Amino acid sequence: MIQVRKSSERGHANHGWLDTYHTFSFADYYDPAQMGWGALRVINDDRVAPGMGFGMHGHRDMEIITYVLDGSLQHRDSMGNGTIIETGDVQRMSAGKGVMHSEFNPSNDKPVHLLQIWIVPNVIGIRPSYEQTRFADADKRGRLRLIASNDGRDGSVTIHQDATVHAALLGVGEKVACEIAPSRVGYLHVARGRVSLDGLPLEAGDGARIGAQAIRLEGIDGDGEVLLFDLPA
């Protein structure tokens, strides 16, 4: 089973300083048919204007992954972390029993484009924690590079859920394949460019729910960048 959801079908809000698309129900966008997929709860596709951002606010009992596509993001939190997240960086914050944080675009003239991802954890009330890792384009070129897992293997960030997240950069004709196992589900998000999923053409912002099956991805033109989630059903 592959169920495609086009970019134009997502929720959308433009607040001036923030232009955001919601794959699943979030904030003022609510669709009872789009409440997540497996343990995947949120994919927000955000563009934040120069000098603007999200002021200090709280979360709890959620695995939050930030994937920066272009530009940089300044992070501060109640754990004492203060970092700059650059293009190619992956930030993981386990909110646990509660954390406060802010995210701002430190540039004076360049917007930042990022994906914010929420995954429901399999444990609650844990001590909050933070992690940040860079994945070079060369590591994602023509292959599915593991960027998040429940055990931090292969240099991936560690999430508290039996799930994996892979990223890939696919140029024209570059192909990768993988299999979603029984009792699992997959989700593909196209971050930019164009790819095909089992022959189905997809472009930036498109997503696809995937049942237990083997799949093939291929770049169509330029650099297609995708995130592939493998999740408990």
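Residues numbered from 1 in each chain as written. Predicted model: local features only at pLDDT ≥ 70, side-chain atom pairs only at ≥ 80, totals over all residues. Heavy atoms only, no water.

A. Local environment of the side chain of Arg 92. By the secondary structure assignment, Arg 92 is in strand β9 (residues 89-94). Given the relative accessible area of 6%, Arg 92 is considered buried. Of the polar contacts made by the side chain of Arg 92, one reaches the side chain of Ser 94; its length is 3.0 Å. Within the structure, the side chain of Arg 92 is placed 2.6 Å from the side chain of Ser 129, a separation counted as a polar contact. Apart from residues lying up to four places away in sequence, Arg 92 is in contact with Glu 63, Ile 64, Ile 65, Ser 129, Tyr 130, Glu 131, Val 157, Thr 158 and Ile 159. (Helix = DSSP H or I, 4+ residues; strand = E, 2+ residues; numbered from the N terminus. Buried < 20%, exposed > 50% of the residue type's maximum accessible area, 1.4 Å probe, protein only. Polar contact = N/O pair within 3.5 Å; in protein donor to acceptor, adjacent residues only side chain to side chain. Contact = heavy atoms within 4.5 Å.)

B. Summary view of the nonpolar core. Core analysis: the largest hydrophobic core is formed by 26 residues, its most contacted members being Leu 40 and Phe 229. If we ignore the near neighbours within four places in the chain, the residues touching Leu 40 are Phe 24, Ile 117, Trp 118, Ile 119, Tyr 187, Phe 229 and Leu 231. Within the second largest apolar cluster, 16 residues are counted, among which are Ile 180, Val 195, Ile 215 and Val 226. (Core = buried A, V, L, I, M, F, W, Y, C linked by side-chain atoms within 4.5 Å.)

C. Molecular detail of the sheet that holds strand β5 (residues 53-59). With antiparallel pairing, four strands are arranged side by side in an open sheet as β5-β10-β7-β8. Since the sheet does not close on itself, it has two edges, and those belong to β5 and β8 (82-86), each with one partner. If you compare each strand with its neighbour and ignore which way they point, the axes differ by 20° on average. (Pairing = 2+ DSSP bridges. Axes fitted to C-alpha atoms, helices over the stretch in contact; angles between N-to-C directions.)

D. Focus on the pairing of strand β11 (residues 112-119). The buried count for β11 comes to eight of eight residues, which makes it a mostly enclosed element. Of the two faces of β11, the one carrying Val 112, Leu 114, Gln 116 and Trp 118 and the one carrying His 113, Leu 115, Ile 117 and Ile 119 are both buried. In terms of strand pairing, strand β4 (residues 40-48) meets β11 through eight bridges, oriented antiparallel. Bridging from a neighbouring strand, Asp 45 pairs with Leu 115 of β11. Alignment of strand β6 (residues 63-70) against β11, held across seven bridges, turns out to be antiparallel. Counterpart to Glu 63 in the pairing with β11 is Ile 119.

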